[in-house]
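Okay, here's what each chain looks like letter by letter:
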Amino acid sequence: MGTINYFTSDYITMGINPLSSYELEKDDAFMEEMKEDVKEYGGTIEQAIDDYIMRTYEDDKANIEYILKEYDFYYYHIVIKPGYYEGFTIDIENNFKLYHDSYIDKREAQKEITQIKKMLIECAGCGLVEVSPGWCTRYSDYEGTLKAINEAIKEMRDECSTIPTWNTYYRAEKE
C-alpha cells in the first residue's frame, strides 16, 4: 500500500516513499542487524523490521516538523497530514485566495513563496519526494521532486499575482 492515497495538496503533494520490507530483506547487513535485535529484545524478524520502519517514519516526521518550525508563514498555511495507510504529507494552502489588503501584502506574499521554496527543498533533502496519489501511487525521485517544487512555486507566484487587492476590488465595484 502507498503512503498517500486520494489526498493532494493545493500545489504539490510531498510525502515519504514507503519502505518495503521485501526490499529491506534483500540487504544482508540489514538482516544481520535485525537478527541481533531479535536476539537482544525478543520477538520475530517481521516485528523487528516493522519496528524499524515505524522508527524511520517517526524520525522523518520529526525532521520535517523541525524544518517547519524554523519558518513562520502568514499568507500560506503549511501542516503535516497523516498518510492514508502510512507515512505523512505536507499540505500547503493559501490563506488569502480572495484578496490582499494592498500591493505591499502581495509583495510580502511573494517573499513568503520564496521561503516556501527554500523550505520544500530542505524537506526534499530530508527524504520527502513528490507523490502522485491515487490507486497506483507514484513516487518521484529527488530530481523529479525539485522539478515539481519549481512548478508548484511558479503556480503559487502566478496565483498570487492574479489575486486582487481591496483597492482593485472596490474600484471594480464602483464601475
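Residues numbered from 1 in each chain as written. Predicted model: local features only at pLDDT ≥ 70, side-chain atom pairs only at ≥ 80, totals over all residues. Heavy atoms only, no water.

Novice: So what about the nonpolar core? Which residues, and what values?
Specialist: Ranked by size, the top nonpolar core spans 39 residues in total, and within it Ile64, Tyr76, Ile92, Ile116, Met119 and Leu120 carry the most contacts. Put simply, the parts of the chain that give this core at least two residues each are strand S1 (14-16), helix H2 (28-41), helix H3 (45-69), strand S2 (76-82), strand S3 (88-94), helix H4 (103-125) and helix H5 (142-162). If sequence neighbours within four positions are ignored, Tyr76 has contacts with Tyr11, Ile92, Glu93, Asn94, Asn95, Ala109, Glu112, Ile113, Ile116, Met156, Glu159 and Cys160. (Core = buried A, V, L, I, M, F, W, Y, C linked by side-chain atoms within 4.5 Å. Buried < 20%, exposed > 50% of the residue type's maximum accessible area, 1.4 Å probe, protein only. Helix = DSSP H or I, 4+ residues; strand = E, 2+ residues; numbered from the N terminus. Contact = heavy atoms within 4.5 Å.)

Novice: Tell me what's going on with the pairing of strand S4 (residues 128-132), and back it up with residues and numbers.
Specialist: Burial analysis of S4 places 4 of its 5 residues in the buried class, the great majority of the element. Examined bridge by bridge, S1 and S4 share 3 bridges and lie antiparallel to one another. Across the sheet, Met14 pairs through a bridge with Glu130, a residue of S4. (Pairing = 2+ DSSP bridges.)

Novice: Outline the state of the cysteines, listing residues and values.
Specialist: One pass over the structure, following the stated rule, counts 0 disulfides. Note on Cys123: no disulfide assigned, nearest cysteine sulfur contributed by Cys126 at a separation of 6.7 Å. With a relative accessible area of 0%, Cys123 lands in the buried category. (Disulfide = S-S within 2.5 Å.)

Novice: Just give me the short version of the packing of aromatic side chains, but keep the residues and values in it.
Specialist: Evaluation of the coordinates by the stated rule reveals 6 aromatic pairs. Considering the side-chain rings of Tyr71 and Phe73, the 5.6 Å spacing of their centres and the 5 degrees angle between planes classify their relative orientation as stacked. With 5.4 Å between their ring centres and 40 degrees between their planes, Tyr74 and Phe96 make a pair best called tilted. One end of the pair, Tyr74, is in the loop between H3 and S2; the other, Phe96, is in the loop between S3 and H4, and 22 residues separate them in sequence. Under the relative-accessibility criterion, Tyr74 is labelled exposed at 52%. The exposure class assigned to Phe96 is partly exposed, which follows from its relative accessible area of 22%. An aromatic cluster of three or more residues is present, and its members are Tyr74, Tyr75 and Phe96. (Phe/Tyr/Trp six-rings, centres within 6.5 Å; stacked < 30°, edge-to-face > 60°.)

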